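Here are the chains, one letter per residue:
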Amino acid sequence: MPFELGIYHFGELTPDPTSGIPSKPGDRLRELIEQAAAADDAGLDVFAVGEHHRTDFAVSSPAVVLAAMAERTSHIKLSSAVTVLSSDDPVRVFQQFATLDLISGGRAEIIAGRGSYIESFPLFGYDLNNYSELFAEKLDLLLRLRKQNPVTWRGSLRPALTNADITPQPERELPVWVAVGGTPASVVRAAKLNLPLSLAIIGGNYRQFAPFVELYRRTAEESGHDPARLKVSISSPGFVGGTHNEAIDVSHPYFQAGWMANHHQRGQGVPMPRAAYEAQASRFGAFYLGSTQEVIDKIMDQYELFGHQRMMIQMGFGNVPQKEMLKSIERFGGDVAPVVRKEIASREESAGRVSGGGQPGGRVTA
């Protein structure tokens, strides 16, 4: 597949760093829909929204939000990021995303994960002691639903299904990715199931994640799958500015506020001083943060390392103002994406490959 670039967002309701007032959920949701339309107009490939079940996030039902986006967009893929499958019912997830796929004309995707925010488990009556087992069993059922209807299935943590008629049915097989944050067992699971891998890198030196991609492809090959056909997505926070300083000046106050207010456990935020934020914008830092040229260079450096097929920016974490968000989306789609796609296509053609497997190269300029 051609190299893809996209945006994901959690819809956090971070208090404004100046006024201390958080966004209203309705306003935030409408802003996200406008962002998806802007990303579609800018020619980006994917827009994704996360799932959280707390009052400091606006999105608890990704499929509903994505369906609203479907009516404002024409081409962009619409995905969860992630669907917390462990605390949801796979039948309902399948039905919701099948409906989204039909509404959008075949643009729905599911990125399934175990969830690092754990509020949904007690909310829906699940035992956190079954954290890993719930995901494995429910992923098994979700994949069965893609292949079989009526479906017969039996597990140990959910009631069995016998000749169950699941409706509506999509007109194609729904894409399902497995989200991984740095757990080798999750990487191995995705490879053995022959599923694409969405690897989240939310800080540090991104090079330390190369062994996870190597493990994924090696396990796939050992399991009898063709690693060259498996897709890898790299996801990290970021913001695209007109200049390096503009990107930092605009986004840092909001990112810092979000890092403190919306972190995994309430009341246990993580400080992000400007110097640490700047460090993440450096060559080997995780964030896609800076000018268009800096973001291009970061993507191409990562491509040489990972040979991946998709990259996703968690853009404007902490509620960067909508006017600035739309500018960043326009730069990402209009200035960054064409250069990256052209260079990667050229390298792949030179190497005689269809996709994946980056090769060392020189500096790429916009």
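Now for a look at the structure at hand. Here the structure is a predicted model, which means the values were calculated and not measured. (Residues numbered from 1 in each chain as written. Predicted model: local features only at pLDDT ≥ 70, side-chain atom pairs only at ≥ 80, totals over all residues. Heavy atoms only, no water.)

## A few points about the overall build of the protein
So, point 1. Of regular secondary structure, the protein possesses 11 helices and 12 strands.
So, point 2. Considering only C-alpha atoms, the protein reaches an extent of 60 × 55 × 40 Å along its principal axes.
So, point 3. For the protein, the residues scored as buried account for 54% of the 366 residues in total.
So, point 4. By sequence separation, contacts in the protein at least 24 residues apart represent 72% of the contacts at least 6 residues apart.
So, point 5. Surface exposure of the protein reaches about 15,000 Å², of which carbon and sulfur atoms provide 51%. (Helix = DSSP H or I, 4+ residues; strand = E, 2+ residues; numbered from the N terminus. Buried < 20%, exposed > 50% of the residue type's maximum accessible area, 1.4 Å probe, protein only. Contact = heavy atoms within 4.5 Å. Areas by Shrake-Rupley, 256 points an atom, 1.4 Å probe, with all protein chains shown as cover.)

## Observations concerning the nonpolar core
Nonpolar side chains in soluble globular proteins tend to be buried together.
So, point 1. Of all hydrophobic cores here, the largest spans 103 residues; its most connected members are Met69 and Phe332.
So, point 2. A total of eight residues in this core trace back to one element, the largest contributor, which is helix H11 (residues 322-351).
So, point 3. Every residue in contact with methionine 69, bar those within four places of it in the chain, is listed here: Leu32, Ile33, Ala36, Phe47, Val49 and Leu78.
So, point 4. The next biggest cluster of nonpolar side chains, apart from the first, holds six residues, and it includes Val82, Phe121, Leu134 and Trp177. (Core = buried A, V, L, I, M, F, W, Y, C linked by side-chain atoms within 4.5 Å.)

## Overview of the packing of aromatic side chains
So, point 1. One pass over the full model with this rule turns up 13 aromatic pairs.
So, point 2. Between phenylalanine 255 and tyrosine 277, the ring centres sit 5.1 Å apart and the planes meet at 40 degrees, which makes this aromatic pair tilted. Residue phenylalanine 255 is found in helix H8 (residues 244-261), and its partner tyrosine 277 is found in helix H9 (residues 274-280); the two are separated by 22 residues along the sequence. Accessibility assignment for this pair places phenylalanine 255 and tyrosine 277 in one class, buried.
So, point 3. An aromatic cluster is present here, built from Phe255, Trp259, Tyr277, Phe287 and Phe317 joined pairwise through their rings. (Phe/Tyr/Trp six-rings, centres within 6.5 Å; stacked < 30°, edge-to-face > 60°.)

## Describing unusual backbone geometry
So, point 1. In the segment running from alanine 81 into valine 82, the intervening peptide bond is cis, with an omega of 5 degrees.
So, point 2. Residue position: valine 82 is located in the loop between strand S3 (77-80) and strand S4 (83-84).
So, point 3. The phi dihedral of asparagine 194 is positive, around 60 degrees, even though this residue is not glycine.
So, point 4. Tracing the chain through its elements places asparagine 194 in the loop between helix H6 (184-192) and strand S9 (197-200).
So, point 5. Residue class for asparagine 194 comes out partly exposed when judged on its relative accessible area of 38%.
So, point 6. Positioned with a positive phi, asparagine 319 is a non-glycine residue whose angle comes to about 75 degrees.
So, point 7. When you line up the elements, asparagine 319 lands in the loop between strand S12 (310-315) and H11.

## As for the pairing of S3
So, point 1. Pairing of strand S2 (residues 46-49) with S3 involves four bridges; the strand directions are parallel. Following the sheet pairing, alanine 48 is matched in S3 by serine 79.
So, point 2. Regarding topology, helix H2 (residues 62-70) serves as the crossover connection from S2 to the parallel S3, and that connection is right-handed.
So, point 3. Note: S3 against strand S5 (residues 108-113), two bridges, orientation parallel. Residue serine 79 lies in a different strand from S5, and its bridge partner there is glutamate 109. (Pairing = 2+ DSSP bridges. Right-handed = clockwise from strand over helix to strand, strands pointing away.)

## Some remarks on the packing of H2 against helix H3 (residues 90-104)
Describing two packed helices takes the angle between their axes plus the distance from one axis to the other.
So, point 1. Look at H2 against H3: their axes get within 9 Å of each other, and the N-to-C directions meet at 5 degrees. Our classification of the angle between H2 and H3 gives roughly parallel. Mapping the contact onto sequence places Ala63, Leu66, Ala67 and Ala70 in H2 and Gln96, Phe97, Leu100, Ile103 and Ser104 in H3. (Axes fitted to C-alpha atoms, helices over the stretch in contact; angles between N-to-C directions. Parallel < 35°, antiparallel > 145°, perpendicular 65-115°, else oblique.)

## Some thoughts on the pattern of salt bridges
So, point 1. All told, the structure shown has 19 salt bridges when counted by the stated rule.
So, point 2. With a closest N to O distance of 2.8 Å, arginine 172 and aspartate 101 form a salt bridge. Of the two residues, arginine 172 sits in the loop between strand S7 (161-164) and strand S8 (176-180) while aspartate 101 sits in helix H3, which places them 71 residues apart along the sequence.
So, point 3. Taking relative accessible area as the criterion, arginine 172 reaches 33% and is therefore assigned partly exposed.
So, point 4. A relative accessible area of 3% means that aspartate 101 is categorised as buried.
So, point 5. Salt-bridge contacts for arginine 310 lead to glutamate 109; the nearest nitrogen and oxygen are separated by 3.0 Å. Of the two residues, arginine 310 is situated in strand S12 and glutamate 109 in strand S5; the sequence distance between them amounts to 201 residues. One exposure class covers both arginine 310 and glutamate 109, and it is buried.
So, point 6. Bridged by salt links that share partners, the residues Glu4, Lys77, Glu109 and Arg310 form one connected network. (Salt bridge = Lys/Arg side-chain N within 4 Å of Asp/Glu carboxyl O.)

## Quick word on the packing of H3 against helix H5 (residues 131-147)
So, point 1. Look at H3 against H5: their axes get within 9 Å of each other, and the N-to-C directions meet at 40 degrees. Considered as vectors, H3 and H5 are oriented oblique to each other. Relative to H5, H3 is oriented so that their crossing is right-handed. Of the residues in H5, those touching H3 at Pro90, Val91, Val93 and Phe94 are Lys138, Leu141, Leu142, Leu145 and Arg146.
So, point 2. When its residues are assigned to classes, the contact of H3 with H5 shows seven nonpolar, no polar and two charged. (Left-handed = near helix turned anticlockwise from the far one by under 90°. Nonpolar A, V, L, I, M, F, W, Y, C, P; charged D, E, K, R; others polar.)

## A look at H2
So, point 1. Of the residues making up H2, those classed as buried are Pro62, Ala63, Val65, Leu66, Met69 and Ala70. Across the axial projection of H2, the buried residues extend over an arc of 160 degrees, all falling on one side. (Arc of directions from axis to C-beta.)

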